[in-house]
Amino acid sequence: MTFFLQTAVSGLPVFFCLAALVLIDSYKLVGLREILSSTLAGGLAALASYFANTGLHSLLDLELPLFSRYVAPVVEESFKAVFLVYLLRSSTVGFVVDAAIHGFAIGTGFGFLENLYYLQAVPDATLWTWIVRGFGTATMHGGATAAFAMVSKTFRDRADSYRFHSMLPGLGLAVAMHSLYNHFLLHPLLAAALLIFVFPIVSIGVFQRSEKATRDWLGAGFDADQELLEVIRTGHIAETRVGAYLVALRSRFPGEVIVDMMCLLRLHVELSIRAKGVLMMREAGFDVAPDPTLKATFKELRYLEKSIGKTGRLAIDPFLHTSTRDLWQLNMLHNM
């Protein structure tokens, strides 16, 4: 009974925090399967960190307090960051809120597995120890990785393409938070209480700001896409900047390729509108059923991309939706 109580106290608080983050997200874009994947990735990061820390501690021959303050945070936050870097590179994460949830889930898996290890390694520790590790250390792991995720997603959205150095500010912040916690500047119980009190307030503030930016982006983007689609469907695109550009390409590409470019542009706009519609419905609290026609649409999209070739794709790329958030929209619809 004592072991189960210790396990619950050391593990449940951080899972409750993760559940709270999911609940306050209006768009509910991170599903259970994605959350479990990130949690599992956090557990794997904990295993990798254990072996790396063991080897480095022996190699560097540092006293344990120094190692835990200046080496372990770098190792552990780096391993936790690996899966998030993959998510950001593949445009799997659309918004800062989603990044925060993925980051906290990774920290949750890391903290939970780390606490399981300490339950076996230090079986005689008091219940207060597990309260500190559950409410403090595990929450710190989740918060630090969530901070890395939010900062990195913000920098990722500002860049035209992925750059590894854009991940460094977020990683530096996560390492600093982790190291500061390991300095034990406050009594462990006080530090745990402060984390549990401060983290929800900060999270709510970040989520509200991010969701406002998302609503603004949805409104402006939806209207612009609707206008462009209307121009394409009514045959007045020749009067627009896009049409003038396509006319200028006639000397470089055959007519049928120009037609395929038009079709590709139309499909991108239609998918963009559909994705924004899904987001608006989810924010309003409606469940969106999978669309059986999407599979055929993406099949046509791939055919058109192959038809116009790499050179044609580069030529029309300035008018396609290819920002990180636009690419995420396509990924979201493709996985529905």
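Residues numbered from 1 in each chain as written. Predicted model: local features only at pLDDT ≥ 70, side-chain atom pairs only at ≥ 80, totals over all residues. Heavy atoms only, no water.

Enquirer: Before we move on, can you summarise the overall build of the protein with the specific residues and values?
Expert: Check the secondary structure of the protein and you find twelve helices and zero strands. Going from N to C terminus, the protein has its helices and strands arranged as α-α-α-α-α-α-α-α-α-α-α-α. C-alpha extents for the protein along the principal axes are approximately 75 × 45 × 30 Å. Evaluated residue by residue, the protein yields a buried proportion of 45% over its 336 residues. (Helix = DSSP H or I, 4+ residues; strand = E, 2+ residues; numbered from the N terminus. Buried < 20%, exposed > 50% of the residue type's maximum accessible area, 1.4 Å probe, protein only.)

Enquirer: Lay out the environment of leucine 47 with the relevant residues and their values.
Expert: If you trace the backbone, leucine 47 turns up in helix α2 (residues 32-60). Its relative accessible area of 44% is what places leucine 47 among the partly exposed residues. Sequence separation of leucine 47 and isoleucine 35 is twelve residues, and the distance between their C-alpha atoms is 19 Å.

Enquirer: Tell me about unusual backbone geometry, residues and numbers included.
Expert: Phi at serine 91 takes a positive value of approximately 55°, unusual for a residue other than glycine. When you line up the elements, serine 91 lands in the loop between α4 (72-89) and α5 (96-121). Positive phi values are uncommon outside glycine, yet phenylalanine 184 reaches one of about 50°. Secondary-structure assignment places phenylalanine 184 in the loop between α7 (168-182) and α8 (188-234).

Enquirer: Describe the pattern of salt bridges, naming the residues involved and giving the relevant values.
Expert: Enumeration over the complete set of coordinates arrives at seven salt bridges. Across the pair arginine 33 and glutamate 34 runs a salt bridge, and its minimum N-O distance is 4.0 Å. Here lysine 80 makes a salt bridge to glutamate 77, at a shortest N to O gap of 2.9 Å. Of the two residues, lysine 80 and glutamate 77 both sit in helix α4, three residues apart, roughly one turn of that helix. The class of glutamate 77 is buried, set by a relative accessible area of 2%. (Salt bridge = Lys/Arg side-chain N within 4 Å of Asp/Glu carboxyl O.)

Enquirer: Before we move on, could you go through the nonpolar core and cite the residues and values that matter?
Expert: With 31 residues, the main nonpolar core has Met261, Met332 and Leu333 as its most contacted residues. When contributions to this core are tallied by element, the ones reaching two or more residues are α10 (255-283), α11 (294-316) and α12 (324-334). It is α10 that provides the largest number of residues to this core, a total of twelve residues. Formed by 18 residues, the second largest nonpolar core is a distinct cluster that contains Leu18, Ala100, Ala138 and Phe207. (Core = buried A, V, L, I, M, F, W, Y, C linked by side-chain atoms within 4.5 Å.)

Enquirer: Quick one: what's the story with the packing of α4 against helix α6 (residues 127-158), residue by residue and with numbers?
Expert: Where α4 contacts α6, the two axes come as close as 10 Å, and the packing angle between them is 40°. When the interaxial angle is binned, α4 and α6 end up oblique. Every pair of crossing elements has a handedness; the one defined by α4 and α6 is right-handed. Where α4 abuts α6, its residues Glu76, Glu77, Lys80, Ala81, Leu84, Val85, Leu88 and Arg89 lie against His141, Ala144, Thr145, Phe148, Ala149, Ser152, Lys153 and Arg156. When its residues are assigned to classes, the contact of α4 with α6 shows seven nonpolar, three polar and six charged. (Axes fitted to C-alpha atoms, helices over the stretch in contact; angles between N-to-C directions. Parallel < 35°, antiparallel > 145°, perpendicular 65-115°, else oblique. Left-handed = near helix turned anticlockwise from the far one by under 90°. Contact = heavy atoms within 4.5 Å. Nonpolar A, V, L, I, M, F, W, Y, C, P; charged D, E, K, R; others polar.)

Enquirer: How would you summarise α11 if you had to cite specific residues and measurements?
Expert: Taking 1.5 Å as the rise per residue, α11 with 23 residues should run 33 Å; its terminal C-alpha atoms sit only 23 Å apart, a clear shortfall. Along α11, the sharpest change in direction is near 105° and occurs at glycine 309. Those residues of α11 that sit buried are Leu294, Thr297, Phe298, Leu301, Leu304, Ile308, Gly312, Ala315 and Ile316. (Expected span 1.5 Å × (residues − 1). Bend = angle between axes of the 7 residues up to and from the residue.)

Enquirer: Give me the lowdown on the packing of aromatic side chains, citing residues and values where you can.
Expert: All chains considered together, the criterion is met by six aromatic pairs. On the basis of an interplanar angle of 75° and a centroid distance of 5.4 Å, the ring pair of phenylalanine 15 and phenylalanine 112 is categorised as edge-to-face. Taken together, the residues span a long stretch of sequence, with phenylalanine 15 in helix α1 (residues 2-24) and phenylalanine 112 in helix α5 at a distance of 97 residues. Plain terms: the ring middles of tyrosine 50 and tyrosine 117 are 5.4 Å apart, the flat faces sit at 55° to each other, and that makes the pair tilted. Remark: tyrosine 117 occurs in helix α5 and tyrosine 50 occurs in helix α2; sequence separation between them is 67 residues. Assessed through its relative accessible area of 38%, tyrosine 50 is described here as partly exposed. A relative accessible area of 42% means that tyrosine 117 is categorised as partly exposed. Aromatic rings pair up to connect Tyr50, Phe51, Tyr117 and Tyr118 into one cluster. A cation sits over an aromatic face here: lysine 80 above phenylalanine 110, 5.3 Å from the ring centre. (Phe/Tyr/Trp six-rings, centres within 6.5 Å; stacked < 30°, edge-to-face > 60°. Lys NZ or Arg CZ within 6 Å of the ring centre and 35° of its normal.)

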